[in-house]
Amino acid sequence: MLRRKFYKTLTDWRKNKKRECLLVKGARQTGKTFIIDLFGRENYGSYIYINFFEEPRLKNVFEGSLSAAEIYKRLSVFFGDIPFKEKDTLIFLDEIQECPNARTALKFLAEDDKYDVIASGSLLGINYKEVASFPVGYEKQTELHSLDFEEFLWAVGVGDEAISYVRTFFDSREKVPPEINERMMGYLREYMAVGGMPAVVNGYVGAKHFGTVHEEQTKILDAYLEDIAKYAAMSEKPKARNCYLSVPKQLAAENKKFKFSVVESGGRARKYENSLEWLRDANLVRFCHNVSLPEFPLPAYEKPDQFKIYLNDIGLLVAMYGFDMKQAILTDSLKGPAKGGIYENLIADMLIKKGLPLYYYRSDSGTQEIEFLLTKNAEILPVEVKAGNGSSVSLNEFLKTRSPSVGYKLINGNVGMNGNKLTLPLYMAMFL
């Protein structure tokens, strides 16, 4: 069974909540149902599971009056054999996007506060217009991603003690012993090929067969395209599909921003911007916006029309290039522009799973570009990503002119310190 950090998120919520339901968002097949179901069975005396997609009839529970008392009375009709234990019952409303009334009802269930309620859904941003009233102030929203790199390490047998040992070199800014550094880079390349989707990781851990990995990834990608075909508005279906399928081409060209002309010759933002918003609302892609000024606070300087797009899971991106890309990644033999874009998506993936927003900086003259900008204690810290170990002209200029306390250069190499430039092996992005 995969160990997930999100289990602690659930535990902390139960311990600290105050008249609120928990709403868990995330792309399909990131493991939301599994981890919440496990949490419910292991921590409550009574547990009620409702999946509105699998059992549409249960939507009747949320027809008519939405008072907590009426909802519990209707629930007892369907779950009469399960005792309702005050403060010791969890009600899990899965695929809640299929029942807009249930989303509205979260307010009344939270106010009642007799039982804990967790709701989850994969396409919550898609059909929000169907919700009559949002439970503002009565739901805590959180997101479950696919496995991050540390969780992947746990899955393949690397324990906390070993990870903590590697972190000592990040903290001390000392070189990692070569054999350990190469082993960690090997794990990182495995993570790039496999990604973090639970079904894919489970298949890899069980069979250690990359053919199985690719087969599972293809199933997920096909399911995502089916979601676009099923849930996107009729006018957006082909456009959203084409935008999604264009991401590998966008990254392979190392574009300085998302180019609609890659989606379609002569393509313009006006035609495709709604399609990109759909993909973001479905949690299939992540936006990384350029800023006009790399200063705190970054959202104040965001350029809404200049952004890059990354996929929600590095393994899915690699799979979209075809099976042979796995061999090139695992043997570190990949060359050409695609390599840089893939490694950018890797770091974007790792930063997002740490809860960090994505921003980059490209000067108006185009002479300076920093792949990612982090905010720490109201200070902006630059992050440069190198698939190999090339020169860092832009980072050097940034450090010289803006003098941050530290700038990070992530490379296929080892730890090094030169002034306020800290060079790190790529896998240490998990410690940023």
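See the structure above.
The structure displayed is predicted, hence computed values, not measured ones.

Rules used in this analysis
- Residues numbered from 1 in each chain as written.
- Predicted model: local features only at pLDDT ≥ 70, side-chain atom pairs only at ≥ 80, totals over all residues.
- Heavy atoms only, no water.
- Pairing = 2+ DSSP bridges.
- Helix = DSSP H or I, 4+ residues; strand = E, 2+ residues; numbered from the N terminus.
- Axes fitted to C-alpha atoms, helices over the stretch in contact; angles between N-to-C directions.
- Contact = heavy atoms within 4.5 Å.
- Buried < 20%, exposed > 50% of the residue type's maximum accessible area, 1.4 Å probe, protein only.
- Right-handed = clockwise from strand over helix to strand, strands pointing away.
- Core = buried A, V, L, I, M, F, W, Y, C linked by side-chain atoms within 4.5 Å.
- Phe/Tyr/Trp six-rings, centres within 6.5 Å; stacked < 30°, edge-to-face > 60°.
- Lys NZ or Arg CZ within 6 Å of the ring centre and 35° of its normal.

Caption draft 1: Representation of the sheet that holds strand E11 (residues 379-385) in the model. Strand order across the open sheet formed by 5 strands is E10-E11-E12-E14-E13, with mixed pairing between neighbours. Unpaired on one side and paired on the other, strand E10 (372-376) and strand E13 (416-418) mark the two borders of the sheet. Here the average twist between neighbouring strands, direction ignored, is 25 degrees. Two strands pair when backbone bridges link them, and E13 and strand E14 (residues 421-425) are joined in this way by 3 bridges, in the antiparallel orientation. When the sheet's bridge partners are listed, Gly-416 is paired in E14 with Thr-423. Where helix H15 (residues 337-352) meets the sheet, it contacts E10, E11 and strand E12 (407-411), and its direction lies at approximately 20 degrees from that of E10.

Caption draft 2: The arrangement of the pairing of E11 in detail. Buried residues dominate E11, accounting for 6 of its 7 residues. The turn linking E10 back onto E11 is made up of 2 residues, and Asn-377 within it adopts a positive phi angle of 50 degrees. In terms of strand pairing, E11 meets E12 through 3 bridges, oriented parallel. The partner of Glu-384 across the bridge, within E12, is Lys-409. Taken together, E11, helix H16 (residues 393-402) and E12 constitute a β-α-β crossover, and its handedness is right-handed.

Caption draft 3: Quick peek at the nonpolar core. In this structure, Phe-149, Tyr-244, Leu-279, Ile-347, Phe-372, Met-428 and Leu-432 are the most contacted members of the largest nonpolar core, which totals 92 residues. Listed in part, the 27 residues of the second largest apolar core include Ile-50, Ala-68, Cys-99 and Leu-124.

Caption draft 4: Molecular detail of the packing of aromatic side chains. Taken as a whole, this structure holds 18 aromatic pairs when the rule is applied. Centre to centre, the rings of Phe-52 and Phe-62 are 5.8 Å apart; their planes meet at 70 degrees, and the pair counts as edge-to-face. Of the two residues, Phe-52 sits in the loop between strand E2 (46-51) and helix H3 (68-78) while Phe-62 sits in the loop between E2 and H3, which places them 10 residues apart along the sequence. Here Phe-52 matches Phe-62 in class, with each residue buried. For the ring pair Phe-170 and Phe-431, a centre distance of 5.6 Å and an interplane angle of 50 degrees mean the geometry is tilted. Here Phe-170, found in helix H6 (residues 160-172), pairs with Phe-431, found in the segment after E14; they are 261 residues apart in sequence, far enough to count as distant. Grouping aromatic residues by their ring pairs yields a cluster made of Phe-149, Phe-152, Tyr-191, Tyr-204 and Phe-210. Positioned above the aromatic ring of Tyr-204, the side-chain terminus of Lys-208 is 5.3 Å from the ring centre.

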